[in-house]
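What follows is each chain in one-letter form.
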Amino acid sequence: MTLPTPRARFDGLVTVRAAGPEDYAVFERLFPELAVEEKTPERGRWERERMPTTLIAEAGAGAEPARAVGYVYFQIIRDTAYVRHVVTSPEARQQGVGKAMMTAVAERAIASVPPCTSWCLNVRPHDVAAMALYTRMGMTRAFETRALRVPWSVVDSRQTLQDARILARVISPEDDARVEPPMNLLHGQLAASRRLEGRVLLGLFDDEVVLGATVFDPTFPGAYPFRVARPDLALVLLDALRPYANPADTLVNVVIEDQPKVADALIAAGATVKLDTVHMSSRTIATAVRAAPLTSR
Ligand SMILES: CC(C)(COP(=O)(O)OP(=O)(O)OC[C@H]1O[C@@H](n2cnc3c(N)ncnc32)[C@H](O)[C@@H]1OP(=O)(O)O)[C@@H](O)C(=O)NCCC(=O)NCCS
């Protein structure tokens, strides 16, 4: 029999603060609550990549010492705040911690330069708690996302010959402005990805026409975002990534956002579905702050 997690009441006294190196232990304890396959990132990588935009929620009243009851990790991509993780300690759920953390993100996003005008995230459609929290923060469904596992053998054995005019090459900073709009990427998304350790940014080009773009993390290994102009180009882009993959890896994780036909083409070729999520967003980030008056610093 599973016993319910005992609730620790703290009467709504939640503060939210910026994370520091000492908070790695909080991250390490709470990251598994997301139930994702990714291994918990090691301390150095967390400190470099995630800590600067991680906030810690603390609870505790009066003389009681504050204790960490949650963390939120987000990225600011120009005028959009992308919430990547939100976790509340199991014993502290449904007491406003999630709302306090999301409100704190919204406050920081509005205060950033340039100020964020919208925010977004991905959520599992059957995650009742998360859906309730995000809906409460004013977000609505925007599109569906499929995370796929593609065996490299599917790429290696493909018969299709690449069109000789299509060139696969690294996307340089000078390319960003002409790659992002047709590939439906956020303005600044490529620059933000380029700043992350070890990422490979690869594009497919036919002269001036952009046919594909992806960001590959060989250590995960995963390709996200992953965009192609036509479903048949998905394997062409993966083929271009192949030399950057660790030879010991047998598969690559690929996240397909709002391109169901691309996902279908990869599944038909031998990929399997790892996870379906819903992308939620809102252009009323400022309203979220006004609607949820909770303490944050
Ligand atoms: C999702 C999660 C962060 C919510 O955190 P929380 O601290 O419990 O959220 P809050 O207490 O601030 O609740 C926010 C709103 O969601 C509602 N809510 C929260 N959990 C709920 C549940 N299980 N069922 C229904 N509604 C729920 C609350 O009632 C509240 O709505 P209200 O203001 O209208 O009353 C938490 O459940 C969690 O950590 N889950 C595991 C990790 C995870 O899945 N994260 C999300 C990944 S996308």
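Starting from 1, residues in each chain are numbered consecutively following that chain's sequence as written. Per-residue local features are limited, in this predicted model, to residues with pLDDT of at least 70; the limit for side-chain atom pairs, both in listing and counting, is 80 or more; totals at the level of whole chains, interfaces and linings are taken over all residues. Hydrogens and water are ignored here; the side-chain numbers use all heavy atoms of the structure.

Trainee: Please explain unusual backbone geometry as it appears in this structure.
Mentor: Peptide bonds are mostly trans, and most non-glycine residues show a negative phi. Note the cis peptide between V113 and P114, where omega equals -5 degrees. Looking at the secondary structure, you find P114 in the loop between α3 (97-111) and β5 (118-123). A cis amide bond links Y224 with the next residue in sequence, P225, at an omega value of -5 degrees. Here a strand is any run of E in DSSP of at least two residues, a helix any run of H or I of at least four, and the numbering for each starts at the N terminus. With respect to the secondary-structure elements, P225 resides in strand β10 (residues 222-228). Phi is positive for A35, close to 55 degrees, though the residue is something other than glycine. The residue A35 is located in the loop between α1 (24-30) and α2 (43-50) in this model. Backbone geometry places N184, a non-glycine residue, at a positive phi of 55 degrees. Here N184 is to be found in the loop between α6 (176-179) and α7 (189-194). Partly exposed residues are those whose accessible area sits between 20% and 50% of the maximum for their type, while under 20% is buried and over 50% is exposed, using a 1.4 Å probe and protein chains only. We classify N184 as exposed; its relative accessible area is 54%.

Trainee: Could you clarify how one ought to interpret the domain arrangement of the protein in this entry?
Mentor: Note on interface size: it is often stated as the accessible area lost on association of the parts. The domain limits used here are those given by an automatic or database domain assignment. Along its sequence, the protein is organised into domain 1 (14-142 + 280-291) and domain 2 (145-278). Taking only C-alpha atoms into account, the centre of domain 1 sits 28 Å from that of domain 2. Both sides of the domain 1 and domain 2 interface together cover about 1600 Å² of buried area, and 51% of this is carbon and sulfur. Taken as a group, R45, E49 and I77 account for 29% of the area that domain 1 buries against domain 2, more than any other trio of residues on that side. Think of a salt bridge as a Lys or Arg side-chain nitrogen and an Asp or Glu carboxyl oxygen that are within 4 Å of each other. At the boundary of domain 1 and domain 2, one finds three salt bridges. Using a 1.4 Å probe, buried area is obtained as the accessible area two parts lose upon being combined, added over both of them.

Trainee: Would you take a moment to explain the packing of α3 against helix α4 (residues 128-136) for this structure?
Mentor: Packed helix pairs are specified by the crossing angle of their axes together with the interaxial distance, meaning the distance between the axes. Helix axes use the C-alpha atoms of the stretch in contact, all axes being lines fitted to C-alpha atoms, and the angles between their N-to-C directions lie in the range 0 to 180 degrees. Taken N-terminus to C-terminus, the directions of α3 and α4 make an angle of 45 degrees; their axes are 10 Å apart at the nearest point. It follows that α3 is oblique to α4 by the angle criterion. The element α3 and its partner α4 pack so that their crossing is right-handed. In contact with G98, K99 and M102 of α3, α4 contributes L133, Y134 and R136. Each residue gets one of three labels, nonpolar for Ala, Val, Leu, Ile, Met, Phe, Trp, Tyr, Cys and Pro, charged for Asp, Glu, Lys and Arg, and polar for the others, Gly among them. Looking at side-chain class alone, the contact of α3 with α4 contains three nonpolar, one polar and two charged residues. In what follows, roughly perpendicular refers to angles from 65 to 115 degrees, roughly parallel to angles under 35, roughly antiparallel to angles over 145, and oblique to any angle outside these ranges. Handedness of a crossing follows from how the near helix is turned relative to the far one, being left-handed for an anticlockwise turn of less than a right angle and right-handed for a clockwise one. Residues are treated as being in contact if the distance between any of their heavy atoms lies within 4.5 Å.

Trainee: How do you make sense of the site of the ligand when you look at a structure like this?
Mentor: Inspection of the region around the ligand gives 21 residues, with T88, Q94, G98, K99 and R136 positioned closest. In protein, a polar contact means a hydrogen-donor-capable atom and an acceptor-capable atom, both N or O and within 3.5 Å, with residues adjacent in sequence counting only if both atoms are side-chain atoms; elsewhere, any N or O pair within 3.5 Å suffices. One nitrogen or oxygen atom from the main chain of G98 is found 2.8 Å from an oxygen atom belonging to the ligand. In this structure, D127 approaches the ligand through a side-chain N or O atom, which is 3.1 Å from an oxygen atom. Accessible surface is estimated by sampling points in the Shrake-Rupley manner with a 1.4 Å probe; for residues, cover comes only from the protein chains shown. A total of 930 Å² of accessible area belongs to the ligand in isolation, and the protein chains cover 77% of it. It suffices for a single heavy atom of a residue to lie within 4 Å of a molecule or strand for the residue to be listed as near it.

Trainee: How do you make sense of the nonpolar core when you look at a structure like this?
Mentor: Soluble globular proteins tend to pack their nonpolar side chains together in the buried interior. Among the nonpolar cores identified, the biggest contains 34 residues, and M102, W119 and Y134 are the most heavily contacted of them. The element that contributes the greatest number of residues to this core is α3, accounting for eight residues. In these notes, a set of buried Ala, Val, Leu, Ile, Met, Phe, Trp, Tyr and Cys residues joined through side-chain atoms within 4.5 Å is what counts as a nonpolar core. Grouped together as the second largest cluster of nonpolar side chains are 30 residues, V150, L204, V228 and A240 included.

Trainee: I would appreciate a short explanation of the sheet that holds strand β11 (residues 251-257) in the present structure.
Mentor: Note on sheets: strands pair through backbone hydrogen bonds, and any given pair is parallel or antiparallel. When DSSP finds two or more bridges between two strands, those strands count as paired. Taken in spatial order, the 12 strands make up an open sheet running β1-β2-β3-β4-β5-β12-β6-β11-β10-β9-β8-β7, and their pairing is mixed. In this open sheet, the two strands that pair with only one neighbour each are β1 (14-18) and β7 (167-170). With direction set aside, neighbouring strand axes in the sheet form an average angle of 25 degrees. Packing against the sheet, α4 makes contact with β4 (80-88), β5, β6 (140-151) and β12 (272-282), and its axis sits at approximately 170 degrees to β5.

Trainee: Can you walk me through the packing of aromatic side chains in this structure?
Mentor: Ring pairs (aromatic) are described by centroid distance and by the angle formed between their planes. Here is the rule: rings of Phe, Tyr and Trp (six-membered ring for Trp) pair when centre to centre is within 6.5 Å. Planes less than 30 degrees apart are stacked, more than 60 are edge-to-face, and the remainder are tilted. Inspection of the entire model under this criterion finds six aromatic pairs. Relative to F216, the ring of W152 lies with its centre 6.5 Å away and its plane at 85 degrees, an arrangement referred to as edge-to-face. On the criterion of sequence distance, the pair formed by W152 in helix α5 (residues 152-156) and F216 in strand β9 (residues 209-217) is long-range, its members being 64 residues apart. Assessed through its relative accessible area of 0%, F216 is described here as buried. An aromatic cluster of at least three residues, connected via ring pairs, comprises Y24, F27, F31, W46 and Y71. Here the basic side chain of R84 rests over the ring of Y82, its NZ or CZ set 3.6 Å away from the ring centre. Cation over ring: R169 sits above F205, and NZ or CZ is 4.1 Å from the ring centre. Only lysine NZ and arginine CZ atoms are considered, and such an atom sits over a ring when it is within 6 Å of the ring centre and within 35 degrees of the ring normal.

Trainee: Which parts of the structure should I look at to understand the environment of P114?
Mentor: A relative accessible area of 42% places P114 in the partly exposed class. Between the C-alpha atom of P114 and that of R230, which follows or precedes it by 116 residues, the distance is 34 Å.

Trainee: Before we go on, may I ask you to explain the side chain of E180 in this structure?
Mentor: With respect to the secondary-structure elements, E180 resides in the loop between α6 and α7. Under this rule, positive means Lys or Arg and negative means Asp or Glu; His and the chain ends count for nothing. The charged side chain of E180 is buried without a salt bridge, its nearest counter-charge being R78 at 6.8 Å. When residues no more than four places from it in sequence are discounted, the contact partners of E180 are L185, L186, H187, G188, Q189, L190 and A191.

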